Each structure stands twice: as structure tokens, then as C-alpha cells.
Amino acid sequence: MYNFWQKLKKPLVGLAPMDGVTDYPMRQIQVSVAKPNVLYTEFVSAEGFIRNSKAFSQKLYFQENERPIIAQIFGYTPEAFAETINQIIEMDFDGIDLNMGCPARKVLGKGGGGALIGNYKLAGKIIEKSLEATKANNPFIMANFSCLCNFRPINFSAVTLF
Ligand SMILES: Cc1cc2nc3c(=O)[nH]c(=O)nc-3n(C[C@H](O)[C@H](O)[C@H](O)COP(=O)(O)O)c2cc1C
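Residues numbered from 1 in each chain as written. Predicted model: local features only at pLDDT ≥ 70, side-chain atom pairs only at ≥ 80, totals over all residues.

This next bit is on the overall build of the chain. For the chain, the helix and strand inventory stands at seven helices and five strands. When the elements of the chain are put in sequence order from the N terminus, they spell out α-α-β-α-α-β-α-β-α-α-β-β. The buried share of the chain, reckoned over its 162 residues, is 32%. Long-range contacts, defined here as pairs at least 24 residues apart, represent 65% of the contacts in the chain between residues at least 6 apart. (Helix = DSSP H or I, 4+ residues; strand = E, 2+ residues; numbered from the N terminus. Buried ≥ 20, exposed ≤ 12 C-beta atoms within 10 Å, placed from the backbone. Contact = placed C-beta atoms within 7 Å.)

What follows is about unusual backbone geometry. Following lysine 10, the chain continues to proline 11 via a peptide bond in cis, the omega torsion being 0°. By the secondary structure assignment, proline 11 is in the loop between helix 1 (4–7) and helix 2 (24–34). With a phi close to 65°, aspartate 92 is a non-glycine residue in the positive phi region. Structurally, aspartate 92 is set in the loop between helix 5 (78–88) and strand 3 (95–99).

Assignment of secondary structure puts aspartate 23 in the loop between helix 1 and helix 2. Assessed through the 15 C-beta atoms surrounding it within 10 Å, aspartate 23 is described here as partly exposed. C-alpha of aspartate 23 to C-alpha of phenylalanine 43: the two residues are 20 residues apart in sequence and 9.4 Å apart in space.

Here helix 5 crosses helix 7 (residues 120–134) at 25°, and the two axes come no closer than 8 Å. By the criterion of interaxial angle, the relationship of helix 5 to helix 7 is roughly parallel. Between helix 5 and helix 7 the crossing geometry is right-handed. In contact with Pro78, Glu79, Phe81, Ala82, Ile85 and Asn86 of helix 5, helix 7 contributes Lys125, Ile126, Lys129, Ser130, Glu132, Ala133 and Thr134. In the contact of helix 5 with helix 7, the residues fall into six nonpolar, three polar and four charged. (Axes fitted to C-alpha atoms, helices over the stretch in contact; angles between N-to-C directions. Parallel < 35°, antiparallel > 145°, perpendicular 65-115°, else oblique. Left-handed = near helix turned anticlockwise from the far one by under 90°. Nonpolar A, V, L, I, M, F, W, Y, C, P; charged D, E, K, R; others polar.)

Formed by 28 residues in total, the largest nonpolar core has its most connected members in Ala71, Ile73 and Phe81. Contacts of alanine 71, omitting those with residues within four sequence positions, involve Thr41, Leu60, Ile88, Phe93, Ile96 and Asp97. (Core = buried A, V, L, I, M, F, W, Y, C linked by C-beta atoms within 7 Å.)

On to the confidence of the model for the chain, then. In low-pLDDT regions, the fine details of the predicted coordinates are not to be read closely. In this model, the chain carries an average pLDDT of 84, and 82% of its residues clear a pLDDT of 70 or more. The secondary structure element of the chain with the lowest average pLDDT is strand 5 (residues 158–161), at 42, and the one with the highest is helix 2, at 97. Long-range and interchain partners of residues 147–162, a stretch whose pLDDT sits below 50, account for 24 contacts in this model, where long-range means more than four residues apart. (pLDDT = per-residue confidence, 0-100.)

Attention now goes to the pairing of strand 1 (residues 39–45). Within strand 1, six of the seven residues are buried, which leaves the element mostly enclosed by the surrounding structure. Pairing between strand 1 and strand 2 (residues 69–74): five bridges, direction parallel. For serine 45, the partnering residue across the bridge sits in strand 2 and is phenylalanine 74. (Pairing = 2+ DSSP bridges.)

See below:
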């Protein structure tokens, strides 16, 4: 199976995904100034995406010079994750990152982002449905448990699922 992580020069250097920051213009600046080993989109709401895919897919626009690039999505319903992945798979990202660490109140309040750290059942279902949705194409699915340091005493740990 294609695994771009193994081909990347170590140590890996990249800018963490940041909502409102790591958008297309910002990533182009990164590429032109000092290209990181890996780039991330801002996170995109799965529930928002399935309601209005045209508007939300603009947030996922990228150019070839940004590869390897990972799309990050967040949400709280396995079906929305699966449907979003079904639709974005043709954009041909190198990987898809499932956000399970965002501490923002509006995300936590609905049970998404960091709330999934304490909800293994739902987190598992989201990963399971997301993997099903990628089966045909096999991009990487990464469940990302990054947190802001003031959120919980959990720092980074990331699980890559094959
Ligand atoms: C403004 C801002 C927006 C962020 N948005 C996201 C996001 O969309 N997805 C995500 O996984 N993490 C997001 N984060 C968390 C960062 O990716 C990073 O994990 C966090 O800042 C901890 O890293 P640091 O200790 O280097 O700051 C955001 C952080 C900041 C400050």
C-alpha cells in the first residue's frame, strides 16, 4: 500500500493544521518560503460539507505543489464523515485526517473534536465508517488526537490506521 509517510525525510517538519490560518494562500506562502515535509488543510466540518459541499469544498482547494497534503475533517456523526470522504476522495488528497482534538467550545458542544477523546464508541464508529468510505482508494486515514496545551493533560499522540 502507498505510504508517503515512510518516504518523507526525517525528522518530519510541518506546520500544524490551524483553522483560519492554514488556508490555501497561507500554504502557498509556506511552499514558497520553506516547504514543510507535509501540509494540512484547515479543518472542514463534515456536517457542513454534506449540507453545502460547494461552499465547503472551496476550503479544501489545493495545488499540486502542496503535496503531500492532508485534508482534515471534523464532526460528530459517522455518516457525515463517510459521506464527506466519499465526496472528497476524488480531490486526491494524500491523506485524510479525522480531527479528534479540537478544544473549541462550538465543536466540543456537539460532541466532535476533543469530545471524541472521551467517547471511544463514537470515535470508533467514525473511524470504521471513514475507513469503509476510503476502501476503494486507500488513502491514509489518520485519527488525530492533538490538543491545545490548555485543554487537557494529553499532548500529542497520533494513530495511523491501515
Ligand atoms: C488558531 C489555531 C487554530 C487551530 N486549528 C486546528 C485545526 O483546525 N485542527 C487541528 O487539528 N488543530 C488545530 N489547532 C491546534 C494546532 O494544530 C496544534 O496542535 C496546537 O496549536 C498545539 O501545538 P503547539 O503546542 O505547537 O501550539 C489550532 C491551533 C490554533 C492556535
